[in-house]
Amino acid sequence: MESLSLLGDGLATALTPENLLWAAIGVLLGTFVGVLPGIGPAMAVALLLPVTFGLEPTQAFIMFAGIYYGGMYGGSTTSILLNTPGESASVMTALEGNRMAKKGRAAQALATAAIGSFIAGTIGTLLVVFFAPALAEVAVEIGAPSYLAIMLMAMVLVTSVLGSSRLRGFIALFLGLTIGLVGLDLNTGQPRLSFDQPLLADRIDIVVVAVGIFAVGEALWVAAHLRRKPLSVIPVGRPWMGRDDWRRSVGPWLRGTALGFPFGAVPAGGAETPTFLSYVLERRLARKGHEFGHGAIEGVAGPEAANNASAAGTFVPLLALGLPVTATATIMLAALQGYGIQPGPQLMTEHADLVWTLLASLLIGNTLLLVLNLPLAPLWAKLLRIPRPYLYAGILFFASLGAYTANQQPFDLFLLLVFGLLGLAMRRFGLPVLPLILGVILGPLMETKMREALAISDGDLNGLVDEPLAVIVYGVIVLLVVVPLVLSRVRPGAAPTARVAEDTIPTDPTDPREPREKETAR
Amino acid sequence: MSAETVVIAYTPDEFGRAALEHGIVEARRRSARIVAVNATRGDALVDERYADDAAIDALESALAESGIEHVIRRPMAPDVSEAVLEVAETDGGTVIVVGLRKRSPVGKLVLGSVAQRVLLGAGVPVLAVKP
């Protein structure tokens, strides 16, 4: 098993004290931001992008991996104790988890979420170890036209399948693609959308966009809704599980992993669908079916495992194809580019040490999380008492610092504010952030591939469809767009998962959908 | 309606309970009505001194048991002490009851106390009680 020996080498690199330290920092930071709703791992990684200029790529990615997994653990803590899912993937965990907590079984809910995440994350990472190299080997052969088609598919999937509204998704995507266009054309050197501003012609730094949208946008949004009725947190001690809880959790953990990983690995991304499916599956399977809706441990164990397995799965397209499908992965891809590393199939061979150390540190980060999270859970719950002004003052400070240090241009601070306002507007109008970030980062890559394909065919448009794979992928895209449209015509009542999730979404303080009601609720 | 009003600064902890206890005694003595205030700054996700619905229900039943005419106010304001004082003013409070924390002089220096600011800012007598 070549992969295993490579992973062994990766473990050896990742296990140096210094790298372990970065993993621990990442994990703690990730849990910190995950616990606080509204601040996610994507924002944390975006804020840390400038920090990484002083770090080796390996160390930076070890830290990012820790943040990524840590964010997920943190999110489940908040879902269970506060009934406030920090991200859409935790909605299902909140359903049963919070009811368990209300019944006084918060410790068991947290334990099954933590251990389930650990198991799913570990199995998922091992699956990545086996799948990603194989996929990369095939992917190296893929030509520019097919590559373009696959990127398009990822964009269409992320925009139309995830999220509640296609229109909003596509608005966000095109906003992102437009931002990605600003600056000098990489092929011809012509300035585009730069409004005769030499600073804009330099292309907009991804740090500025990401930090502006995630950090400043969120800070402005919170500032606009500063005072809200506090929620009651359920006090919890150290998480633990009884024998019966173990017996009931093992099945859902494994089934959740099996459901979650493929959804993450296919560039369809998003943990919404698999967590929802896992919840439904466990509900069907539960012999104590009546307990669902009143705090069934299976309803926490399954979705939480699915969530983490799908998070691990997203590393397959990210590492093998250079295709990110979550906001955090997208920003990690930007970090790769910042190091001058070209993401894509050749990543596995050209930067094998980086990839294997990253995978190994995912395993280590997962273990660290389990070790840290079980005893620290009561402490994490205390974080929720931090007054928002202090928290967001800190975030804005780091956001401005990061945006400025990227190029040391005061103009970037102005851009940061512009993107912050855009982020605020997106939250206000319920536009998803992921398609925008994906558009900004994948847009230029996609353009390169299209130019490449057209250059090969001498400008003939047939060059875009002269590979069978490309044709198949375009077919899939058409199906993806048309089938749901037809389905919604035929069965108007058919509710996609997103809508179900939306109905059951409990009070999320950062939820743009109900700002009015929140303001008046005293 | 009674001529006098006892304003109780309530929190769901021992200090709030002490204030409630003494507030009810005071209301009986003055044959006054009670206005219980539980305020929050509302700028954190969780504020353990802001009573949730269950705690408010408990407060309501405790007040109902005393048989005194009462109102519960749950304002949200930038400053909790200001909120208490404002309620005292608008509801025509004749006395304010607050629970007092045991504080060393140094502790008082470091942490601003809501009770202290109520004491300093109130235009009516303040009854400060300890649990």
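Residues numbered from 1 in each chain as written. Chains lettered and ligands numbered in written order. Predicted model: local features only at pLDDT ≥ 70, side-chain atom pairs only at ≥ 80, totals over all residues. Heavy atoms only, no water.

1. Brief notes about the packing of aromatic side chains
Residues and elements named next belong to chain A.
Phase 1: All told, the structure shown has eight aromatic pairs over all chains when counted by the stated rule.
Phase 2: Aromatic rings pair up to connect Tyr68, Tyr69 and Phe315 into one cluster.
Phase 3: Sitting over the ring of tyrosine 147, lysine 449 keeps its end group 4.7 Å from the ring centre. (Phe/Tyr/Trp six-rings, centres within 6.5 Å; stacked < 30°, edge-to-face > 60°. Lys NZ or Arg CZ within 6 Å of the ring centre and 35° of its normal.)

2. Description of the pattern of salt bridges
Residues and elements named next belong to chain A.
Phase 1: As enumerated under the stated definition, the model contains 18 salt bridges over all chains in all.
Phase 2: Two residues, aspartate 245 and arginine 105, come together in a salt bridge whose shortest N-O distance is 3.2 Å. Taken together, the positions of aspartate 245 in helix α10 (residues 243-265) and arginine 105 in helix α5 (residues 91-139) put the pair 140 residues apart, joining distant regions of the chain.
Phase 3: One connected set of salt bridges, linked through shared partners, spans Asp185, Arg192, Glu447 and Arg451. (Salt bridge = Lys/Arg side-chain N within 4 Å of Asp/Glu carboxyl O. Helix = DSSP H or I, 4+ residues; strand = E, 2+ residues; numbered from the N terminus.)

3. Focus on the confidence of the model for chain A
Phase 1: Mean pLDDT over chain A: 82, with 91% of residues reaching 70 or higher.
Phase 2: Ignoring residues within four places in sequence, the model shows residues 494-522 of chain A, a span with pLDDT below 50, making 54 contacts including any to other chains. (pLDDT = per-residue confidence, 0-100. Contact = heavy atoms within 4.5 Å.)

4. Comments concerning the sheet that holds strand β2 (residues 33-37) of chain B
All names here are of chain B.
Phase 1: Judged by pairing direction, the sheet is parallel, and its five strands sit side by side in the order β3-β2-β1-β4-β5 without closing on themselves. On the outer flanks of this sheet lie β3 (70-73) and β5 (126-129), each paired with one strand and no other. Mean inter-strand twist for the sheet, computed between neighbouring axes without regard to direction, equals 20°.
Phase 2: When strand β1 (residues 5-9) meets strand β4 (residues 95-99), the two strands line up parallel, connected through three bridges. Its bridge partner being in β4, valine 6 is matched across the sheet by valine 95. (Pairing = 2+ DSSP bridges. Axes fitted to C-alpha atoms, helices over the stretch in contact; angles between N-to-C directions.)

5. Quick notes on helix α19 (residues 434-456) of chain A
Phase 1: Taking 1.5 Å of rise per residue, 23 residues should cover 33 Å, and α19(A) covers 32 Å from first to last C-alpha, within 8% of that figure.
Phase 2: Maximal helix bending in α19(A) amounts to about 40°, located at A:Leu442; proline A:Pro444 follows within four positions. (Expected span 1.5 Å × (residues − 1). Bend = angle between axes of the 7 residues up to and from the residue.)

6. Some points on the environment of A:Asp196
Residues and elements named next belong to chain A.
Phase 1: Tracing the backbone shows aspartate 196 in the loop between β2 (191-192) and α8 (198-201).
Phase 2: The exposure class of aspartate 196 is exposed, given its relative accessible area of 76%.
Phase 3: Each C-alpha atom of the pair aspartate 196 and threonine 349 lies 41 Å from the other, and the pair is 153 residues apart in sequence. (Buried < 20%, exposed > 50% of the residue type's maximum accessible area, 1.4 Å probe, protein only.)

7. A word on the pairing of β2(B)
All names here are of chain B.
Phase 1: Taken across its five residues, β2 has five buried, putting it largely inside the fold.
Phase 2: In β2, alternate side chains face the same way, and those of Arg33, Val35 and Val37 on one face and Ile34 and Ala36 on the other are all buried.
Phase 3: In the classification by handedness, the crossover that spans β1, the intervening helix α1 (residues 14-30) and the parallel β2 is right-handed.
Phase 4: Note that β2 and β3 share four bridges and pair parallel. Paired with isoleucine 34 across the bridge in β3 is histidine 70.
Phase 5: Remark: the β2/helix α2 (residues 53-66)/β3 crossover connection has right-handed handedness. (Right-handed = clockwise from strand over helix to strand, strands pointing away.)

8. Notes on the pairing of β4(B)
All names here are of chain B.
Phase 1: Burial runs high along β4: five of the five residues are buried.
Phase 2: Residues Val95, Val97 and Gly99 point to one face of β4 and Ile96 and Val98 to the other, with burial holding for every one of them.
Phase 3: Inspection of the sheet shows β4 paired to β5 by four bridges, in the parallel sense. Bridged to isoleucine 96 within β5 is valine 126.

9. As for the interface of chain A and chain B
Phase 1: Chain A puts 19 residues into the contact, and the matching count from chain B is 16 residues.
Phase 2: Around 1,700 Å² of area is buried between chain A and chain B when both sides are counted, 57% of it from carbon and sulfur atoms.
Phase 3: Between chain A and chain B we count one salt bridge in total.
Phase 4: Linking B:Glu48 and A:Arg385 is a salt bridge whose minimum nitrogen-to-oxygen distance equals 3.3 Å.
Phase 5: Residues belonging to the side of chain A that touches chain B are distributed by class as follows: twelve nonpolar, one polar and six charged. (Buried area = accessible area lost by both parts, 1.4 Å probe. Nonpolar A, V, L, I, M, F, W, Y, C, P; charged D, E, K, R; others polar.)

10. Thoughts on the nonpolar core
Phase 1: Counting 158 residues, the largest nonpolar core has A:Phe64, A:Phe214, A:Phe315, A:Leu319 and A:Leu359 as the members making the most contacts within it.
Phase 2: In terms of residues, this core owes the most to one element, α5(A), which gives 16 residues.
Phase 3: When neighbours within four sequence positions are excluded, A:Leu319 is seen to be in contact with A:Val128, A:Gly344, A:Leu347, A:Met348, A:Val355, A:Leu358 and A:Leu359.
Phase 4: Counting residues in hydrophobic clusters, the runner-up holds 20 residues, among them B:Ala18, B:Ala36, B:Ala55 and B:Ile68. (Core = buried A, V, L, I, M, F, W, Y, C linked by side-chain atoms within 4.5 Å.)

11. Structural notes on the packing of helix α11 (residues 272-285) of chain A against helix α12 (residues 298-313) of chain A
Residues and elements named next belong to chain A.
Phase 1: The N-to-C vectors of α11 and α12 enclose an angle of 150°; their axes lie 8 Å apart at closest approach. Viewed along their axes, α11 and α12 adopt a mutual orientation that is roughly antiparallel. Seen from above, α11 lies across α12 with right-handed handedness. Contacts between α11 and α12 pair Pro274, Thr275, Ser278, Tyr279 and Glu282 from the former with Glu298, Gly299, Gly302, Pro303, Ala306, Asn307 and Ser310 from the latter. (Parallel < 35°, antiparallel > 145°, perpendicular 65-115°, else oblique. Left-handed = near helix turned anticlockwise from the far one by under 90°.)

12. A look at the side chain of A:Arg388
Phase 1: Looking at where A:Arg388 falls in the secondary structure, it is placed in helix α17 (residues 388-407).
Phase 2: The side chain of A:Arg388 is buried and forms no salt bridge, while B:Asp43, the nearest opposite charge, is found at 6.3 Å.
Phase 3: Of note is the side chain of A:Arg388, whose polar atom sits 3.0 Å from the backbone oxygen of B:Gly42.
Phase 4: Apart from residues no more than four positions distant in its own chain, A:Arg388 is found in contact with A:Val222, A:Leu226, A:Arg228, B:Gly42, B:Asp43, B:Ala44 and B:Leu45. (Lys, Arg positive; Asp, Glu negative; His and termini not counted. Polar contact = N/O pair within 3.5 Å; in protein donor to acceptor, adjacent residues only side chain to side chain.)

13. Remarks on empty space enclosed by the protein
Residue and element names in this part refer to chain A.
Phase 1: Applying the stated criterion to the full structure yields four cavities of 30 Å³ or more.
Phase 2: By volume, the second largest cavity is sized at about 70 Å³.
Phase 3: Along the walls of the second largest cavity sit Phe61, Phe315, Leu318, Leu319, Met332, Leu333, Leu336, Leu347, Leu354, Val355 and Leu358, which together make up its complete lining.
Phase 4: Of all elements in the fold, only α13 (315-321), α14 (327-338) and α16 (352-382) reach the threshold of two or more residues within the lining of the second largest cavity.
Phase 5: Its residues assigned to classes, the lining of the second largest cavity shows eleven nonpolar, no polar and no charged. (1 Å grid on protein atoms, 1.4 Å probe; cavity = no way out; pocket = protein on both sides within 12 Å on 5 of 7 lines; lining within 4 Å. Points joined across faces, edges and corners; volume = space filled by probe spheres on them.)

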